[in-house]
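Listed below, chain by chain, are the residues.
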Amino acid sequence: QVQVVESGGGLVQAGASLRLSCAASGRTFSTFVMHWFRQAPGKEREFVSAIGWSGTASYTDSVKGRFTISRDNAKNTVYLQMNSLRPDDTAVYYCAANVGFTTATTEVTYWGQGTQVTVSS
């Protein structure tokens, strides 16, 4: 069993930055690929970014160049640095842990409860 807890969401203006954190406990953190998904109002949950144990990262096209994912295996924590935020980044952001990389919500094993990010124009 793995527990995943996000923090760091909030309300910001367009162009601002936020850093989300995700703390995982339970099974060995380094064995998991850590993901961020998001769900905007009225839309399906979508993949944002993921990072493997060695630091290899992937991003959805809409956040490339603006978001940076990182992980600290010693602290069992993954981060999502979000810069140049836009109103269409507004969503609930979910951290997820999975043994392998995936962009499909149906394949994710462990989810956090989500943290709200709201970007005003």
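To keep things clear, this report deals only with the structure shown in the data block. This one's a predicted model, so the numbers in the text were calculated from it and none came from an experiment.

Attention shifts here to the overall build of the protein. What the protein contains, in helices and strands, is zero helices and eleven strands. Listing the helices and strands of the protein from first to last along the sequence gives β-β-β-β-β-β-β-β-β-β-β. In summary, the protein has a C-alpha radius of gyration of 13 Å against a globular reference of 14 Å for 121 residues, a match within 12%. Each of the three principal axes of the protein carries a C-alpha extent, and together these read 40 × 25 × 25 Å. Here the protein, with 121 residues, has 43% of them falling under the buried criterion. In the protein, of all internal contacts separated by at least 6 residues, the share reaching a separation of at least 24 is 58%. As displayed, the protein has an accessible area near 6,000 Å², and 48% of this comes from carbon and sulfur atoms.

What follows is about the state of the cysteines. As enumerated under the stated definition, the model contains one disulfide in all. Residue Cys22 pairs covalently with Cys95 via a disulfide, S to S 2.0 Å. Residues Cys22 and Cys95 are joined by a disulfide whose S-S torsion is about -80 degrees; by sign, that bridge is left-handed. Pair noted here: Cys22 is in strand S3 (residues 18-26) and Cys95 is in strand S9 (residues 91-98), with a separation of 73 residues, a long-range link. Taking relative accessible area as the criterion, Cys95 reaches 0% and is therefore assigned buried.

Mapped onto the elements of the fold, His35 is located in strand S4 (residues 33-39). Within the structure, the side chain of His35 is placed 3.1 Å from the backbone oxygen of Val33, a separation counted as a polar contact. Within the structure, the side chain of His35 is placed 3.1 Å from the backbone nitrogen of Thr102, a separation counted as a polar contact. When near neighbours in sequence (up to four residues on either side) are disregarded, His35 contacts Phe47, Ser49, Ala50, Tyr94, Cys95, Ala96, Asn98, Gly100, Phe101 and Thr102.

A separate point is the pairing of S4. In terms of burial, S4 is a largely internal element, six of the seven residues being buried. As paired elements, S4 and S9 share seven bridges and run antiparallel to each other. Counted as the bridge partner of Val33 is Asn98 from S9. Summarising the sheet, S4 and strand S5 (residues 46-51) pair through five bridges and their orientation is antiparallel. Residue pairing for S5: Met34 is matched across the bridge by Ile51. Hairpin connection between S4 and S5: a loop of six residues separates the two successive antiparallel strands, and Gly42 in this loop has a positive phi of roughly 75 degrees.

Moving on to the side chain of Ser49. Along the chain, Ser49 falls in strand S5. Excluding residues that lie within four positions of it along the chain, Ser49 makes contacts with Met34, His35, Trp36, Ser58, Tyr59, Ile69 and Leu80.

A separate point is the pattern of salt bridges. Oppositely charged side chains can pair when the atoms bearing their charge come close. Taken as a whole and assessed by the stated rule, the structure comprises five salt bridges. Arg38 is the partner of Asp89 in a salt bridge, and the nearest nitrogen-oxygen pair spans 3.0 Å. Within this pair, whereas Asp89 is found in the loop between strand S8 (77-82) and S9, its partner Arg38 is found in strand S4, the two being separated by 51 residues in sequence. Arg38 matches Asp89 in its accessibility class, with the two residues each being buried. Note that Arg66 is salt-bridged to Asp89, the shortest N-O span being 2.7 Å. One end of the pair, Arg66, is in the loop between strand S6 (57-59) and strand S7 (67-72); the other, Asp89, is in the loop between S8 and S9, and 23 residues separate them in sequence. For Arg66, a relative accessible area of 10% gives the class buried. Residue classification places Asp89 among the buried positions, given a relative accessible area of 0%. Among the charged side chains, a salt-bridge network with shared partners connects Arg38, Glu46, Arg66 and Asp89.

Here is what the cut-offs are and how they apply
Residues numbered from 1 in each chain as written. Predicted model: local features only at pLDDT ≥ 70, side-chain atom pairs only at ≥ 80, totals over all residues. Heavy atoms only, no water. Helix = DSSP H or I, 4+ residues; strand = E, 2+ residues; numbered from the N terminus. Rg over C-alpha atoms; globule rule 2.2 N^0.38 Å. Buried < 20%, exposed > 50% of the residue type's maximum accessible area, 1.4 Å probe, protein only. Contact = heavy atoms within 4.5 Å. Areas by Shrake-Rupley, 256 points an atom, 1.4 Å probe, with all protein chains shown as cover. Disulfide = S-S within 2.5 Å. Polar contact = N/O pair within 3.5 Å; in protein donor to acceptor, adjacent residues only side chain to side chain. Pairing = 2+ DSSP bridges. Salt bridge = Lys/Arg side-chain N within 4 Å of Asp/Glu carboxyl O.

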